[in-house]
Amino acid sequence: MSTEQTTNHDVYKTLLESTKAIPWKIDWQTMTFAYIGPQIETLLGWSQDSWVSAQDWASRMHPEDQAWVVDFCVSQSRSGADHEADYRALTKDGRYVWIRDVVHVIRNAAGEVESLVGFMFDISERKKTEEQLLKLQKELEELSFKDGLTGVANRRMFDSVLEIEWTTARRHGSPLSLIMFDIDYFKQYNDHYGHLQGDECLKQVATLLASSAVRARDFFARFGGEEFVLILPDTDVASAQLVAHRCRNLLFKAQIPHANSPSGQILSLSMGAGTMIPTHQEQALSFVEQVDQRLYQAKQRGRNCLVNA
């Protein structure tokens, strides 16, 4: 190597080793490191000379990432395709750092894979930001299906779940039941106790009624205002009636005062219920309207009662 070539080589080496990106080179035939930048020790704690073979690279990887990353990189390299992979690298003190490996495949004159060269980048901060964004997105999605006051599912979520259960019941020819609840004389409750106490009342009622949804697919939601709704898959008329009475008893046992209620001195519910084995000729919305009409009839009959036919 000439003096000029040596100088250029030293300049390039200095430039590479002064960047945060960690350069490396692996000989394909021996699967050994021909070079790895000294920055690796700053990042992961492992000394530069401890990176002898590709096995050192693989073994210093999170167990959950190891198999797929190694298989992916080997297969891409064999096919001669440049590639990149994100994984968690083990530090000498037992922590994990997110790494992005960007790999370029070098072939010889015969077209055979000769070596791999690339850069390792520390993407921990980027991954942390991505995870925070995903968490925020999940929270926003959950909030969009959750009633802001009571914490139970909202009308939007109810519509989605009902459509799924309606389709399932139609496919299997199984009964689907629906119970709608309305707090009796809630306007008078708010007028007497104030809207803040009214909000607390809604929260308490929501918690009580939600506890009646005991099976995995039972679904409870706030329908709007002081109305709530319960979806009961695979539930016949008699079973739905039992659940409705259980809900009524739960509220009665709570003994929530309602001094201005014409129905009595404690909070009560009007309920409408319905059961149907859906067919292709019927729509879920029509079923909801039918049960809502029964809820209206319960209120017309003096409230504090159930209408299910």
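Please read all numbers here as calculations on a predicted model, not as lab measurements. (Residues numbered from 1 in each chain as written. Predicted model: local features only at pLDDT ≥ 70, side-chain atom pairs only at ≥ 80, totals over all residues. Heavy atoms only, no water.)

Draft legend 1. Up close: the packing of helix α7 (residues 186–193) against helix α8 (residues 195–210). Contact geometry for α7 and α8: axes closest at 7 Å, N-to-C directions at 130°. One finds that α7 runs oblique with respect to α8. Between α7 and α8, the contacting residues are Phe-186, Tyr-189, Asn-190 and Tyr-193 on the first element and His-195, Gln-197, Gly-198, Cys-201 and Leu-202 on the second. (Axes fitted to C-alpha atoms, helices over the stretch in contact; angles between N-to-C directions. Helix = DSSP H or I, 4+ residues; strand = E, 2+ residues; numbered from the N terminus. Parallel < 35°, antiparallel > 145°, perpendicular 65-115°, else oblique. Contact = heavy atoms within 4.5 Å.)

Draft legend 2. Spatial organisation of helix α9 (residues 237–254). The end-to-end C-alpha separation of α9 is 26 Å, in line with the 26 Å expected for 18 residues at 1.5 Å each. Directly beyond the C-terminal end of α9, a positive phi value near 50° is found at Gln-255. (Expected span 1.5 Å × (residues − 1).)

Draft legend 3. Structural context of the sheet that holds strand β3 (residues 83–90). Read from one edge to the other, the open sheet built from five strands follows the order β2-β1-β5-β4-β3, with strand pairing classed as antiparallel. Single-partner strands in this sheet number two, and they are β2 (32–36) and β3. Between one strand and the next, the sheet's axes are offset by a mean angle of 30°, whatever the strand orientation. The pairing of strand β4 (residues 96–107) with strand β5 (residues 113–122) spans nine bridges and is classified as antiparallel. Its bridge partner being in β5, Val-105 is matched across the sheet by Leu-116. Along the sheet, helix α4 (residues 63–78) makes contact with β3, β4 and β5, crossing β3 at roughly 150°. (Pairing = 2+ DSSP bridges.)

Draft legend 4. Geometry of the packing of aromatic side chains. By the definition in use, this model includes nine aromatic pairs. The interplanar angle of 80° and the centroid separation of 5.6 Å between the aromatic rings of Phe-158 and Phe-223 together place this pair among those described as edge-to-face. With Phe-158 in helix α6 (residues 155–172) and Phe-223 in strand β7 (residues 219–224), this residue pair connects regions lying 65 residues apart in the sequence. Residue classification places Phe-158 among the buried residues on the basis of a relative accessible area of 0%. Overall, Phe-223 belongs to the buried group, its relative accessible area being 14%. The interplanar angle of 5° and the centroid separation of 5.9 Å between the aromatic rings of Phe-186 and Tyr-189 together place this pair among those described as stacked. In this pair, Phe-186 and Tyr-189 both sit in helix α7, three residues apart, roughly one turn of the helix. In this structure, Phe-186 and Tyr-189 share a single accessibility class: buried. Through successive ring pairs, a cluster of aromatic residues spans Phe-186, Tyr-189 and Tyr-193. (Phe/Tyr/Trp six-rings, centres within 6.5 Å; stacked < 30°, edge-to-face > 60°. Buried < 20%, exposed > 50% of the residue type's maximum accessible area, 1.4 Å probe, protein only.)

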